[in-house]
Structure formats: C-alpha cells, structure tokens
Amino acid sequence: MAMPLRQSIRVGTYLFEQKMLRRREKFPLIVELEPLFACNLKCEGCGKIQHPAGVLKQRMPVAQAVGAVLESGAPMVSIAGGEPLMHPQIDEIVRQLVAKRKYVFLCTNAMLLRKKLENFTPSPYFAFAVHIDGLRERHDESVAKEGVFDEAVEAIKEAKRRGFRVTTNSTFFNTDTPQTIIEVLNFLNDDLQVDEMMISPAYAYEKAPDQEHFLGVEQTRELFKKAFAGGNRKKWRLNHSPLFLDFLEGKVDFPCTAWAIPNYSLFGWQRPCYLMSDGYVTTYKELVEDTDWSKYGRGKDPRCANCMAHCGYEPTAVLATMTSLKESIRATRETVTGNRGK
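The sections below set out a description of the structure shown in this document. (Residues numbered from 1 in each chain as written. Predicted model: local features only at pLDDT ≥ 70, side-chain atom pairs only at ≥ 80, totals over all residues. Heavy atoms only, no water.)

1. Focus on the pattern of salt bridges
Phase 1: Taken as a whole and judged by the stated rule, the model has 21 salt bridges.
Phase 2: For Asp195, the salt bridge identified is with Lys160, shortest N-O distance 3.6 Å. With Asp195 in the loop between α8 (178-191) and β6 (196-201) and Lys160 in helix α7 (residues 148-161), this pair connects stretches of sequence that are 35 residues apart.
Phase 3: Relative accessible area serves as the criterion here: at 15%, Asp195 is assigned to the buried category.
Phase 4: You can call Lys160 partly exposed: its relative accessible area is 29%.
Phase 5: Through salt bridges that share partners, Glu218, Arg221, Asp253 and Arg298 make up one connected network. (Salt bridge = Lys/Arg side-chain N within 4 Å of Asp/Glu carboxyl O. Helix = DSSP H or I, 4+ residues; strand = E, 2+ residues; numbered from the N terminus. Buried < 20%, exposed > 50% of the residue type's maximum accessible area, 1.4 Å probe, protein only.)

2. Considering unusual backbone geometry
Phase 1: In this structure, the amide linkage connecting Gly81 to the following residue, Gly82, adopts the cis form with an omega of 10°.
Phase 2: Here Gly82 is to be found in the loop between β2 (76-79) and α4 (90-99).
Phase 3: Even without a glycine there, the phi angle at Ala144 is positive, about 60°.
Phase 4: In this fold, Ala144 is placed in the loop between α6 (136-142) and α7.
Phase 5: Here Gln193, not a glycine, exhibits a phi torsion of approximately 55°, which is positive.
Phase 6: Here Gln193 is to be found in the loop between α8 and β6.

3. Details of the state of the cysteines
Phase 1: In the structure shown here, the tally under the stated rule is zero disulfides.
Phase 2: The cysteine Cys307 is free of any disulfide, with Cys311 supplying the nearest cysteine sulfur at 5.7 Å. (Disulfide = S-S within 2.5 Å.)

4. Observations concerning the sheet that holds strand β5 (residues 165-172)
Phase 1: Taken in spatial order, the nine strands make up an open sheet running β6-β5-β4-β3-β2-β1-β7-β8-β9, and their pairing is mixed. In this open sheet, the two strands that pair with only one neighbour each are β6 and β9 (276-281). Averaged over all pairs of adjacent strands, the angle between their axes in this sheet comes to 25°, without regard to strand direction.
Phase 2: Examined bridge by bridge, β2 and strand β3 (residues 103-108) share four bridges and lie parallel to one another. Among the inter-strand pairings, Ser78 is bridged to a residue of β3, identified as Phe105.
Phase 3: Contacts from helix α3 (residues 62-72) reach β1 (30-33), β2, β7 (263-265) and β8 (268-273) within the one sheet, and its direction differs from that of β1 by about 160°. (Pairing = 2+ DSSP bridges. Axes fitted to C-alpha atoms, helices over the stretch in contact; angles between N-to-C directions. Contact = heavy atoms within 4.5 Å.)

5. Looking at the environment of Leu243
Phase 1: Relative to the elements of secondary structure, Leu243 occurs in helix α11 (residues 242-248).
Phase 2: In the structure, Leu243 is positioned 11 residues away from Phe254 in sequence and 9.7 Å away in space, judged by C-alpha atoms.
Phase 3: Setting aside chain neighbours within four positions, we find Leu243 in contact with Val252, Phe254, Ala317, Ala320, Thr321, Glu327 and Arg330.

6. Focus on the packing of α8 against helix α9 (residues 217-227)
Phase 1: Remark: α8 packs on α9, axes separated minimally by 8 Å, with the N-to-C direction vectors making an angle of 55°. One element, α8, and the other, α9, form an angle in the oblique class. In terms of crossing hand, the pair formed by α8 and α9 is right-handed. Of the residues in α9, those touching α8 at Pro178, Ile181 and Ile182 are Leu223, Phe224, Lys226 and Ala227.
Phase 2: Looking at the contact of α8 with α9, its residues break down into six nonpolar, no polar and one charged. (Parallel < 35°, antiparallel > 145°, perpendicular 65-115°, else oblique. Left-handed = near helix turned anticlockwise from the far one by under 90°. Nonpolar A, V, L, I, M, F, W, Y, C, P; charged D, E, K, R; others polar.)

Take a look at the structure:
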C-alpha cells in the first residue's frame, strides 16, 4: 500500500480513537462528496449524469460542502460528481478542507485539469485523482470520446511537474482481461509514475446506460487473481489495504460497511451508499442511526449480489487490519516499502 506515511499515521490514530477510545461502532473513514452531478463526458458505466436537467445545473455552496465533511468527522474526503472541476468554487472547497487538515482527493476525468491547475496549491493534504480505465483505445471507448486518454496523460504530467500529488482510479469491466489490467497499471506505475493507484470492479449502477459489462463476484475474483499473479501486487503502488486486495482475488471475504465511506451530495446523505439510493437524510448521525444496515450486503439485498466495490469493503478490510497484529504489521511493512519506492 503506497499511502504516505504521515497519512497512514493520521488515519491509524483516528481509527484507534474511534474504535478503542470512544468505542464507536460506526464512524466514517472517508466522505464521498458530490458538490454537483454535471459532467463534460458521458461514460457508459456512470449513473450520475442521468439526473434531470434542473438537477444537473445545481452547484453545492461551499459552506454546505465543507460543513458536511466537518459534521461527519472523517479524516479524508473524496470529491467526485459529475466533474468537480466544473464547479466554479471547487478550489475554495478544497482550500477550506485542506486548512482543516483533511486529506482531500479531487476526482477528475482531467479534461479541464491543465486549465484549472493554477487555481490550486500543492499540499501533502491534497491530491488529484484522475480516472483512467485503460490505455488509449480502451479508455476513450469507456468515456465515449476520442482524445480523452491523451489529455489525461498530459494533465497528469503537468500536475506532477508543478508539484502536485497525483493518484489514479481505474474501474474494470467484464470486457477486461488480466492482461489489460496489467498493461494499464504498469503504464500508470512505471511510465507515468503516479503516486498511488486505486482499482475497482465495475458495479451495476441502476441508471447506467451500459448494463451488459458489469462484473460478477466470481468474475472479479478470477480476474484480479490472475492480474495479481507473478508479484505484480507488490510492484504496483496500489492505494489499498493488503486485505482488500486479498478480498478482490477471493482469498478472504468480508461484510459490507458502507457507513464508513458515506456519500454526501446535493440531496443530502445518501442511504445506504453512493452506488444505491434508498433515500436521503440531513446529517451523518441520522444516516448511521436511522438506516437498517442489516438489510444490505450480499445475500441480503439482491442489488448487492455482485458488488465488491471499494466503498463497501475497503473499510471492512481496514478495520480487520487494525484488530489483527499480524495484518497491522503486514500493512505497515507494505506502506514503508511503498514509500521507499517513490
């Protein structure tokens, strides 16, 4: 795991405080913040841009966005959408969250990144998270527009040249093979030398235009087991706990803990997670206390049957790591090794 050592210590301290000192059963690890739904692309696997035109025109006020994160208490924030760089005050949202010492990841397709870089300041608390779903042909096909891959690559290079931390997020579908995964992660890790990479099996958004290419559980396990073979896992700077990577390739299984990576959007806190919408509440406290979490997860809700998404299972893996001395040592060793290689 390539998470910076300072961030690892901060998150570890937070987890210890919540679990051991405060004895809290449910608490957020990272907030998925969506200050808008509008986007400048129409990706086939995305269910966010299907909102009505009136909703797509809305932009979340800065105070509301920052206030929700502070109310939750989470140490990390992933700003998504839509395309966050289309928000006219996104730089101010980032600035205020960084000032509160929140670790902020701004997710972007990078189409506007080079034009907007001057609005941001490099910080150990801030990183751009660029979405890359494959090499040129594959990525451009997934976003339904030619030239996006090349622009994203140039934007990543320019951001790194200016001193920004740059991570990537790659979603893989049933049209991927172990080799296509290896090729894109090798490119990101070795050629572009991004700081960290996140990977995720595609989840079947109900409103996504393409419903044919989402992965099932067994497909996911087989795909990542083969992609991780031959020492690739240890070579790549993957921003995941070792246990979550074990989970992806079927070595372990976990229950879903969607409350740990909650989603806050224009509609409020989304129940139960950003992938499913069973209503909204005003506060994180309401989300945790008024949601019947026992109804969700594989074997409980048919919508969850094929889900192995980061938002539900990474926090479970992190909590399992914290409560195991063996796994804690393993995660620490991989963190230190990853930082030496950067």
